[in-house]
Amino acid sequence: MKKLFTLVCGLAMALCANAAEQISTAFGSWGDGCTVEGNTLTFTEAWKGAGVGFVTGDGETEPKKCTDFSDYDYLWVTFSESTCDFKLCTQYTTGYNNDVTVEAIAGTLVLGVKLNEEYSDQFAQYYLQAKNTGKLVVTGAYVGTEEEYKAVLAGNKPQKSDLNLGDLGSGWGNSTYDAASKTVTIVDDWSGKGWYFGTADYSNFDKVVVSFAAPTATNGKLVVEYNGGAAASEAEFAEGATSVELRLDAAAKSSVKQVYLQGPAGAQFVLASAYVCVKDYVATGISQAVAVPAAKSSKVFNLAGQQVGKSYKGVVIKNGKKYVQ
């Protein structure tokens, strides 16, 4: 009876406990606009990307074959630095069909996507694609359970998200932005120029900070607009300001529509940096360390300590835990 109980417990563990597995980060660039140096992806153009393939076989001397990730729920990638908005996409079958995609903002340290349940045994590749210029420094990629992904996500909340200074696409009243000098020029009196998101989820953050490369020659205003009817948030700054901070509306910050600067006609604001951050964020210039799970071994041993293959039947040990296979 005791042996039967042990066997049943071991079978239950095997069915419900799939340890996270570290997977390849051997990125290949799509070409111009994205360079790959190790695990650092630098994007000089928007909507460029780099991917990691999991298809074996050349289709001529041996058939092409995808990778089986059906034992897992999520694929996630961890970062020590992300200075652009981007997306993670998974693709399936050798024809790269049945995509599943998720988007993220700059500053994200962990980004995961739920695997396509119907095609997870035919996994072909994942890729990262930038929505604007910037850099992604990858520290690892993993497949695992939903619980494992949520645990890593909870332990690696971002402290800061940069607003891209390569382009300020929102504005009115003929106000302009010169990306080379990072200068906002207000043409019509109290018109504006800034960043349009449509919908940006800044629920992890508390405030917007804009720093100027030189003290402002005039007064001005920083404004955040939200979707859903919430009133805009505003913060005025005086002549000679070196920065301006604005507290986000706690009830509306999960749906930020746009952020912009306003000022009197002729005002010029030279930007040094712009970002959203947590309330106690202190700029250090040091990349954040990401807590990632330890790499798992794929080796399996019997109770005698001998390495065995997939064809072995009985109680086995993998990563220090007992399973029945």
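These lines cover the structure that appears in this document, whether it is placed above or below.

What counts and what doesn't
- Sequence order sets the numbering: in each chain, residues are counted from 1 along the sequence as written.
- Residues qualify for local features only when their pLDDT is at least 70, as the model is predicted, and side-chain atom pairs are given and counted only at 80 or more; totals for whole chains, interfaces and linings, by contrast, use all residues.
- Hydrogens and water molecules were not included; the side-chain quantities draw on all heavy atoms of the structure.
- The way it works is that DSSP assigns letters per residue, a run of H or I at least four long becomes a helix, a run of E at least two long becomes a strand, and they are numbered from the N terminus.
- Relative accessible area decides the class of each residue, using a 1.4 Å probe on protein chains only: under 20% of the type maximum gives buried, over 50% gives exposed, and in between gives partly exposed.
- Only heavy atoms matter for contacts: two residues are in contact if any of them lie within 4.5 Å across the pair.
- Residue-level accessible areas treat just the shown protein chains as cover; the underlying method is Shrake-Rupley with a 1.4 Å probe.
- Centres within 6.5 Å make a pair out of two Phe, Tyr or Trp rings, where for Trp the six-membered ring is used; the pair is then stacked when the planes are under 30 degrees apart, edge-to-face when over 60, and tilted otherwise.
- Should the NZ of a Lys or the CZ of an Arg lie within 6 Å of a ring centre and within 35 degrees of the ring normal, that charge is described as sitting over the ring.
- Any Lys or Arg side-chain nitrogen found within 4 Å of a carboxyl oxygen on Asp or Glu counts as a salt bridge.
- Any two strands with at least two DSSP bridges between them are considered paired.
- Throughout this description, the term nonpolar core refers to a set of buried Ala, Val, Leu, Ile, Met, Phe, Trp, Tyr and Cys residues connected via side-chain atoms within 4.5 Å.

Observations regarding the overall build of the chain
From N to C terminus, the chain includes two helices and 26 strands. Relative to its full complement of 325 residues, the chain shows a buried share of 43%. Taking the contacts inside the chain whose residues are at least 6 apart along the sequence as the reference set, 70% of them involve residues at least 24 apart. If you sum the accessible surface of the chain, you get close to 16,400 Å²; carbon and sulfur atoms cover 49% of it.

Re the side chain of S211
Structurally, the position occupied by S211 is in strand β17 (residues 207–212). Using a relative accessible area of 18% as the deciding quantity, one classes S211 as buried. With near-sequence residues (within four places) excluded, S211 lies in contact with T242, S243, V270, L271, A272 and S273.

As for the environment of Y196
As for its position among the elements, Y196 is in strand β16 (residues 192–200). Sequence separation between Y196 and Q258 is 62 residues, and the spatial gap between their C-alpha atoms is 4.4 Å. Those residues in contact with Y196, other than ones at most four positions away along the chain, are S170, K257 and Q258.

Quick look at the packing of aromatic side chains
Pairs of aromatic rings are described using the distance from one ring centre to the other and the angle between the two planes. Evaluated as defined, the whole model comprises 19 aromatic pairs. A centroid spacing of 5.0 Å and a plane angle of 50° characterise the contact between F69 and F123, whose relative ring orientation is tilted. You can see F69 sitting in the loop between β5 (49–53) and β6 (74–82) and its partner F123 sitting in strand β10 (residues 123–130), a full 54 residues away along the chain. For the pair F69 and F123, a shared accessibility class is recorded, and that class is buried. On the numbers, 5.4 Å between centres and 75° between planes, the contact of F237 with F269 is edge-to-face. Within this pair, whereas F237 is found in strand β19 (residues 233–237), its partner F269 is found in strand β22 (residues 268–277), the two being separated by 32 residues in sequence. Linked through ring pairs, F27, F54, F69, Y72, Y92, F123 and Y126 together constitute an aromatic cluster. Above the face of the Y275 ring, K160 is positioned so that its terminal group lies 4.8 Å from the ring centre.

Some words on the pattern of salt bridges
For the structure shown, the criterion picks out nine salt bridges. Put simply, K160 and D162 hold a salt bridge, and the shortest N to O gap is 3.2 Å. Among the salt bridges present, the one from K253 reaches D206, with a minimum N-O distance of 3.4 Å. Of this pair, K253 sits in the loop between β20 (243–247) and β21 (256–262) while D206 sits in the loop between β16 and β17, and the two are 47 residues apart along the sequence. Of the two residues, K253 and D206, both sit in the buried class.

Side note on the sheet that holds strand β8 (residues 97–104)
Spatially, the five strands line up as an open sheet ordered β2-β5-β10-β7-β8, and their pairing is antiparallel. Each end of this open sheet is capped by a strand with a single partner; those strands are β2 (28–29) and β8. Sheet topology places β2 next to β5; two bridges connect them, and they run antiparallel. Its bridge partner lying in β5, G28 is registered against G51.

Considerations on the pairing of β6
In terms of residue burial, β6 counts as a mostly covered element, since eight of its nine residues are buried. Pairing of β6 with strand β9 (residues 110–114), which is carried by five bridges, proceeds in the antiparallel orientation. From the neighbouring strand, V77 faces β9, where its bridge partner is L111. Two elements, β6 and strand β11 (residues 134–144), share eight bridges in a ladder whose sense is antiparallel. Looking across to β11, one finds that V77 is bridged to A141.

So, the nonpolar core
Counting residues in hydrophobic clusters, the biggest one holds 33 residues, and the most contacted among them are Y202 and L271. When residues of this core are traced back to their parent elements, those giving at least two are β16, β17, β18 (220–226), β19, β20, β21 and β22. Considering every element that reaches this core, the biggest residue donor is β22, with four residues.

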